[in-house]
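Report on the structure
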Amino acid sequence: DTGVSQDPRHKITKRGQNVTFRCDPISEHNRLYWYRQTLGQGPEFLTYFQNEAQLEKSRLLSDRFSAERPKGSFSTLEIQRTEQGDSAMYLCASSLGITDNTGELFFGEGSRLTVL
Amino acid sequence: GQQVMQIPQYQHVQEGEDFTTYCNSSTTLSNIQWYKQRPGGHPVFLIQLVKSGEVKKQKRLTFQFGEAKKNSSLHITATQTTDVGTYFCAGRGGSSNTGKLIFGQGTTLQVKP
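First things first, this report covers the structure right here in the doc. Sequence positions are assigned chain by chain, starting from 1 and proceeding in written order. Chains and ligands are labelled sequentially in the order written, the chains with letters from A and the ligands with numbers from 1. Only residues with pLDDT of at least 70 get local features here, since the model is predicted, and only at 80 or more are side-chain atom pairs given and counted; chain-wide, interface and lining totals rely on the full set of residues. Neither water nor hydrogens contribute to the side-chain values; these are computed over all heavy atoms in the structure.

**Brief notes about the packing of aromatic side chains**
Within 6.5 Å between ring centres, the rings of Phe, Tyr and Trp (the latter by its six-membered ring) count as paired, and their orientation is classed by plane angle as stacked under 30 degrees, edge-to-face over 60, tilted in between. Going through the model one piece at a time under the given rule, you end up with 15 aromatic pairs over all chains. Relative to Tyr 35 of chain B, the ring of Phe 107 of chain A has its centre 6.0 Å away and its plane inclined at 90°; by these criteria the two rings are edge-to-face. Residue Phe 107 of chain A is located in strand β10 (residues 106-107), and its partner Tyr 35 of chain B is located in strand β4 (residues 29-37); the two belong to separate chains. Comment: elements are numbered from the N terminus, with helices defined as DSSP H or I runs of at least four residues and strands as E runs of at least two.

Below, the structure written as structure tokens:
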């Protein structure tokens, strides 16, 4: 399968614990996005990378959230000191970023986080 | 910051009826994309519109980008049960060179057979 893959698919954790999600994009895609989606809502932008550079980060994102893409390939999203409000589906997407910013996003299946 | 709003939030139609969802942005967009998410699935790209006033068709689906590049619509003719899902518009701001894509809250379509 050459699509976007995310791991784990499901994570249940206790409040206060740290969690990390991994995303492997489509290999030739230079852009990688993280979104959060709750029931009945659209995907909420968190951050995106072009190669290894984090170009934008949502102002709504607290400092408990951090994302990396160290070698411009896979990415990790870490949430520290989880809260119940962090429960959501975390979606990763990749795209071929081109200069006119018209690339379509290919989404993974998502990582569902439940914070007890 | 940039906001993208969609109406209606839900739409129930009888199979064979038409369906339209509308998308409005608080700022001018450089381009707009539409995605479909089936229940339990992830968003899947449908189409992209770039030019002012652009209209594109995909079989029974017609997509339109407003003249001011601040609004868009998706119209489905003669809905089928396979059209069930949530339709999202997503836009990129036109005033800055950004790859950030902001999604609307979606319109969920239910089709009664």
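We are not done yet, so read on.
**As for the sheet that holds strand β6 (residues 55-58) of chain B**
All names here are of chain B. Only when DSSP finds a minimum of two bridges between them are two strands counted as paired. What the five strands build is an open sheet, ordered β1-β3-β8-β7-β6; its pairing is antiparallel. The sheet is open, and its two edges are formed by β1 (4-7) and β6, each paired on a single side. Across the sheet, the axes of successive neighbouring strands diverge by a mean angle of 15°, strand direction being ignored. Interaxial angle, 0 to 180 degrees, is taken between N-to-C directions of lines fitted to C-alpha atoms, where a helix line uses only the stretch in contact.

**A look at the nonpolar core**
Buried Ala, Val, Leu, Ile, Met, Phe, Trp, Tyr and Cys residues that are joined via side-chain atoms within 4.5 Å together make up what is termed a nonpolar core. Whether a residue is buried, partly exposed or exposed follows from its accessible area with a 1.4 Å probe, protein chains only, as a fraction of its type maximum: under 20%, in between, or over 50%, in that order. Counting 35 residues, the largest nonpolar core has Tyr 35, Leu 105 and Phe 107 of chain A together with Trp 34, Tyr 35, Phe 63 and Phe 103 of chain B as its most contacted members. Contact criterion: two residues are considered in contact whenever any of their non-hydrogen atoms come within 4.5 Å of each other. Not counting the four nearest positions on each side in its chain, Phe 103 of chain B is found in contact with Tyr 35, Pro 43 and Phe 107 of chain A together with Val 4, Tyr 35, Phe 88, Cys 89 and Ala 90 of chain B. In this structure, Phe 21, Leu 32, Phe 65 and Ala 67 of chain A belong to the second largest nonpolar core, which totals 19 residues.

**Let's talk about the environment of Ser 52 of chain B**
Residues and elements named next belong to chain B. The residue Ser 52 is located in the loop between β5 (44-49) and β6 in this model. Owing to a relative accessible area of 39%, Ser 52 belongs among the partly exposed residues under this scheme. Measuring from C-alpha to C-alpha, the distance between Ser 52 and Gly 41 comes to 31 Å, with 11 residues separating the pair along the chain. Those residues in contact with Ser 52 that lie beyond four places of it in its chain are Phe 65, Gly 66, Glu 67, Ala 68 and Lys 69. Two N or O atoms count as a polar contact when they lie within 3.5 Å, although within protein this holds only if one can serve as hydrogen donor and the other as acceptor, and sequence-adjacent residues are included solely when both atoms are side-chain atoms. At a separation of 2.5 Å, a polar atom in the side chain of Ser 52 contacts the main-chain carbonyl oxygen of Glu 67.

**Overview of the sheet that holds strand β1 (residues 5-7) of chain A**
All names here are of chain A. Taken together, the four strands give an open sheet; going across it, the order is β1-β3-β8-β7, and neighbouring strands pair in antiparallel fashion. The open sheet has two free edges, formed respectively by β1 and β7 (65-68), since each of these has just one partner strand. If you compare each strand with its neighbour and ignore which way they point, the axes differ by 15° on average. In this structure, strand β3 (residues 19-24) lies alongside strand β8 (residues 75-79), joined through five bridges in antiparallel fashion.

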